[in-house]
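# Structure at a glance
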Amino acid sequence: MKRAVVLVSGGLDSATVLAIAEAEGFSPCALSFDYGQRHRAELVAAKEVVDARGAERHLVLPLDLRPIGGSALTDAAIDVPKDALAEGGSDIPVTYVPARNTLFLSIALGWAETLGAHDIFIGVNALDYSGYPDCRPAFIEAFEKLANVATKEGVEGRPFRIHAPLLHLTKTEIIRRGLELGVDYGLTRSCYDPQGDTACGHCDSCILRRRAFAELGMNDPIAYAEGV
């Protein structure tokens, strides 16, 4: 089986991508980041997701982005927006973490090169999302081009491919695909502003997730705050 590096945050999307990589015949090497995120419950979820699915290895890398700041996800002084979904809007919300996916993919690329892997999977989505620039097709295309001029493997004719299998799927379609592959969404955590293991139910991520499960006529298996 060919190796692939799979970015696994512990959220719904990345759990689905891990299952897709396996289904496509890859041996996943899971990569998660402890970047100082306020929703740290996702790191516990990432371990549970990887343990449940199985992976060749799981690397959790410390990469503290809090000193850089600029995001509600890394700065507790910035409130996470609630009940004001910015889906597809022109304004990029404060939950955007500056250059996060660029950093994550760069490190994934370095690890892939040392592993002899030429495939990297990431769970970005350009339909049901909050308008982040690093979740768009142009970003994925540009990074793949960069990967193949910035690495020994790439310039010697062994190119890398960046897989973004969720890029053009709705959240509902993502969940449906994951269920077909046996993903246990009860292990995942998607909330930007959780209280322990309880999701707030009002941030962008919660709204998109809850809406998708409702469209499927299903109850989301995770716990939400009382009254949500």
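Going by the structure above, here's the rest.
Scope of this entry: the structure provided in the associated data block. The shown structure was predicted, so the numbers you read here are calculated from the model rather than taken from an experiment.

The next point concerns the nonpolar core. Counting residues in each nonpolar core, the largest one holds 41 residues, and the members touching the most others are Val 5, Leu 7, Leu 105, Ile 120 and Ile 122. Of all the secondary-structure elements, those providing two or more residues to this core are strand 1 (2-7), strand 2 (26-34), helix 3 (100-115) and helix 4 (137-147). Ranked by residues supplied to this core, first place goes to helix 3 with seven residues. In contact with Leu 7, other than residues within four places in its own chain, are Ser 14, Leu 31, Phe 33, Phe 104, Leu 105, Ala 108, Phe 121 and Ile 122. Formed by 24 residues, the second largest nonpolar core is a distinct cluster that contains Ala 4, Leu 12, Phe 26 and Ile 174.

Before going further, it helps to examine unusual backbone geometry. Most peptide bonds are trans, and most residues other than glycine sit at a negative phi. The residue Ala 99 is not glycine, and still its phi comes out positive at about 60 degrees. Residue position: Ala 99 is located in the loop between strand 3 (57-62) and helix 3. Relative accessible area serves as the criterion here: at 33%, Ala 99 is assigned to the partly exposed category.

By secondary structure assignment, the location of Pro 133 is in the loop between strand 4 (119-121) and helix 4. Not counting residues within four places of it along the chain, the set of residues in contact with Pro 133 comprises Ile 92, Tyr 96 and Phe 139.

The next subject is the packing of helix 1 (residues 12-23) against helix 2 (residues 41-53). Two elements in contact, helix 1 and helix 2, have axes separated by 10 Å at closest approach and are oriented at 25 degrees. In terms of orientation, helix 1 and helix 2 fall into the roughly parallel class. The two elements helix 1 and helix 2 cross, and the hand of that crossing is right-handed. In this structure, helix 1 contributes Ala 15, Leu 18, Ala 19 and Glu 22 to the contact, and helix 2 contributes Val 49, Val 50 and Arg 53. Among the residues making up the contact of helix 1 with helix 2, the classes are represented as five nonpolar, no polar and two charged.

How each quantity is defined
- Residues numbered from 1 in each chain as written.
- Predicted model: local features only at pLDDT ≥ 70, side-chain atom pairs only at ≥ 80, totals over all residues.
- Heavy atoms only, no water.
- Core = buried A, V, L, I, M, F, W, Y, C linked by side-chain atoms within 4.5 Å.
- Buried < 20%, exposed > 50% of the residue type's maximum accessible area, 1.4 Å probe, protein only.
- Helix = DSSP H or I, 4+ residues; strand = E, 2+ residues; numbered from the N terminus.
- Contact = heavy atoms within 4.5 Å.
- Axes fitted to C-alpha atoms, helices over the stretch in contact; angles between N-to-C directions.
- Parallel < 35°, antiparallel > 145°, perpendicular 65-115°, else oblique.
- Left-handed = near helix turned anticlockwise from the far one by under 90°.
- Nonpolar A, V, L, I, M, F, W, Y, C, P; charged D, E, K, R; others polar.

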